[in-house]
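Residue strings, one per chain:
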Amino acid sequence: IPEGSSTPGCEADNACYIESEVTVSVGATVTWTNDDTAAHTVTSGTPTDGPDGMFDSSIIMSGATFEHTFEEAGDYDYFCIVHPWMTGKVTVE
């Protein structure tokens, strides 16, 4: 989660999460690090439909990390509940 993600505009070039889309193998663990000064979340689902209950970091303070291990193949959309313009996707193959 790069510095400045808490300000709208990063969605214009998919830079709210870096990488905003990633492909991993089944069983892989993805780690998000909050390099911004604001608190964020990594919450599965979409801003339109809301959380889907697959994973949720809760609040990640500046400098903290969140990890999730993906045990099943599929596409996993996620977003920040605090800053809903922040979106990303993990594809598990």
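What you see is a predicted model, and the numbers here were worked out from it, not measured in a lab.

S.K.: I tried to follow the sheet that holds strand β3 (residues 43-46) on my own but got confused; where do I start?
M.R.: The pairing of strands in a sheet comes from backbone hydrogen bonds and takes either a parallel or an antiparallel form. In spatial order, the strands read β1-β7-β6-β3-β4; together these five strands make up an open sheet with mixed pairing. The open sheet has two free edges, formed respectively by β1 (21-24) and β4 (50-56), since each of these has just one partner strand. Pairs of neighbouring strands in the sheet enclose a mean axial angle of 35°, with direction left out of account. Bridging between strand β6 (residues 74-79) and strand β7 (residues 87-92) involves six bridges; their strand directions are antiparallel. Paired with tyrosine 78 across the bridge in β7 is glycine 88.

S.K.: What's the story with the nonpolar core in this structure? I'm lost.
M.R.: The nonpolar side chains of a soluble globular protein tend to be buried, and buried together. By size, the foremost hydrophobic cluster in this structure holds 18 residues, and its most contacted members are Tyr17, Trp32, Val42, Phe55, Phe70 and Val90. Looking at this core, the elements that each hand over two or more residues are β2 (29-33), β6 and β7. Excluding residues within four positions of it along the chain, phenylalanine 70 makes contact with Ser25, Val26, Gly27, Ala28, Val30, Trp32, Phe55, Tyr76, Val90 and Val92.

S.K.: How do you make sense of the state of the cysteines when you look at a structure like this?
M.R.: By definition, a disulfide links the sulfur atoms of two cysteines through a covalent bond. In total, this model carries one disulfide according to the counting rule given. Between cysteine 10 and cysteine 16 runs a disulfide, and the two sulfur atoms are separated by 2.0 Å. Residues cysteine 10 and cysteine 16 are joined through a disulfide that is right-handed, its torsion about the S-S bond being 95°. Since its relative accessible area comes to 11%, cysteine 10 is described here as buried.

Rules used throughout
- Residues numbered from 1 in each chain as written.
- Predicted model: local features only at pLDDT ≥ 70, side-chain atom pairs only at ≥ 80, totals over all residues.
- Heavy atoms only, no water.
- Pairing = 2+ DSSP bridges.
- Helix = DSSP H or I, 4+ residues; strand = E, 2+ residues; numbered from the N terminus.
- Axes fitted to C-alpha atoms, helices over the stretch in contact; angles between N-to-C directions.
- Core = buried A, V, L, I, M, F, W, Y, C linked by side-chain atoms within 4.5 Å.
- Buried < 20%, exposed > 50% of the residue type's maximum accessible area, 1.4 Å probe, protein only.
- Contact = heavy atoms within 4.5 Å.
- Disulfide = S-S within 2.5 Å.

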